[in-house]
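# Analysis of the macromolecular model
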Amino acid sequence: SSIYNTRMSDYRAGLRDITSLDRDIHIALVVSEFNSSYTEQLEQENRTFLESLGFQRITTYSVPWAFEIPGFTRKLLERDHYDLILTLWVIIRGETPHFDYVSSETARGIMDLTRTYDTAIIFGILTCNTEEQVRERIGHGFAIAGLNLLTEIQKL
């Protein structure tokens, strides 16, 4: 079936041929400390996966919550060269509209960065209704998406 006929929660990216990627690329993981029991798992899953493929120049940065992710990522891009940035965060819907505001504005901030900077940036943010949904979605899919994006960029 086409990825366009798949629910987002069911989609699982497969790793493409990444043999052309330089294993010495610089990768940043920007991880929110909010919901740390989950964000630490996300960071570890993605880091372990990247390291298993031979990528070693991986730096993790912690930010307090979500709104800080785009601003901190912008600072990283202004000060150093990164080939790939994974932004990792988990938010679980609560009883107030806070979830919607924080999610959409963080997404907008990251999207603005992808249009401004010549760097592969992955929106690795889980926005879930329940903790069960979070547990089902924690994995190394964001690293796969990032590596797949880099292989496509190389083709340009």
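### Examining the nonpolar core
Ranked by internal contacts, the top residues of the largest apolar core, which has 27 residues, are I27, L50, F55, L84, L86, L126 and L147. Elements represented by at least two residues in this core include exactly β1 (27-32), α1 (36-52), β3 (84-92), β4 (120-128) and α5 (141-155). Element by element, the count of residues in this core is highest for α5, at five residues. Excluding residues within four positions of it along the chain, I27 makes contact with L50, F55, R57, I58, T59, Y82 and L84.

### Focus: the pattern of salt bridges
Taken as a whole, this structure holds 11 salt bridges when the rule is applied. In this structure, R47 and E51 form a salt bridge, with 3.2 Å as the shortest nitrogen-oxygen distance. Highlighted residues: R47 and E51, both in helix α1, separated by four residues, approximately one helical turn. Put simply, D112 and R115 hold a salt bridge, and the shortest N to O gap is 2.6 Å. In this pair, D112 and R115 both sit in helix α3 (residues 98-116), three residues apart, roughly one turn of the helix. Residue class for R115 comes out exposed when judged on its relative accessible area of 60%. Because the salt bridges share partners, they merge into one network encompassing R16, E152 and K155.

### Regarding the packing of α1 against α5
Close contact between α1 and α5 brings their axes to 8 Å; oriented N to C, the two are set at 45°. With respect to α5, the element α1 is oriented oblique. Contacts from L42, N46, F49 and L50 of α1 reach α5 at G141, F142, A143, I144 and L147. Residue composition of the contact of α1 with α5, by class: seven nonpolar, two polar and no charged.

### What about α5?
When the terminal C-alpha atoms of α5 are compared, their 22 Å separation across 15 residues agrees well with the 21 Å that a helix rising 1.5 Å per residue should span. Taken together, the buried positions of α5 are F142, A143, I144, G146, L147, N148, L150 and T151.

### Some points on the side chain of N46
Along the polypeptide, N46 turns up in helix α1. Assessed through its relative accessible area of 0%, N46 is described here as buried. A polar atom in the side chain of N46 sits 2.7 Å from the backbone oxygen of L42. Side-chain polar atoms of N46 contact the backbone oxygen of G139, separated by 3.0 Å. Ignoring any residue separated from it by four or fewer positions in sequence, one finds N46 in contact with L86, L88, G139, H140, G141, F142 and A143.

### Considering the pairing of β1
Along β1, six of the six residues are buried, which leaves the element largely enclosed by surrounding structure. Side chains of β1 alternate between two faces, with I27, L29 and V31 and A28, V30 and S32 buried alike. With six bridges connecting them, β1 and strand β2 (residues 58-63) associate as parallel partners. In the strand pairing of β2, A28 is matched with T59.

### Topic: the sheet that holds β1
Overall, parallel pairing links the four strands, which are arranged β2-β1-β3-β4 in an open sheet. Here the strands that pair on one side only, and so sit at the sheet edges, are β2 and β4. Strand-to-strand, the axes of this sheet are offset by a mean angle of 15°, without reference to chain direction.

Rules used throughout
Residues numbered from 1 in each chain as written. Predicted model: local features only at pLDDT ≥ 70, side-chain atom pairs only at ≥ 80, totals over all residues. Heavy atoms only, no water. Core = buried A, V, L, I, M, F, W, Y, C linked by side-chain atoms within 4.5 Å. Buried < 20%, exposed > 50% of the residue type's maximum accessible area, 1.4 Å probe, protein only. Helix = DSSP H or I, 4+ residues; strand = E, 2+ residues; numbered from the N terminus. Contact = heavy atoms within 4.5 Å. Salt bridge = Lys/Arg side-chain N within 4 Å of Asp/Glu carboxyl O. Axes fitted to C-alpha atoms, helices over the stretch in contact; angles between N-to-C directions. Parallel < 35°, antiparallel > 145°, perpendicular 65-115°, else oblique. Nonpolar A, V, L, I, M, F, W, Y, C, P; charged D, E, K, R; others polar. Expected span 1.5 Å × (residues − 1). Polar contact = N/O pair within 3.5 Å; in protein donor to acceptor, adjacent residues only side chain to side chain. Pairing = 2+ DSSP bridges.

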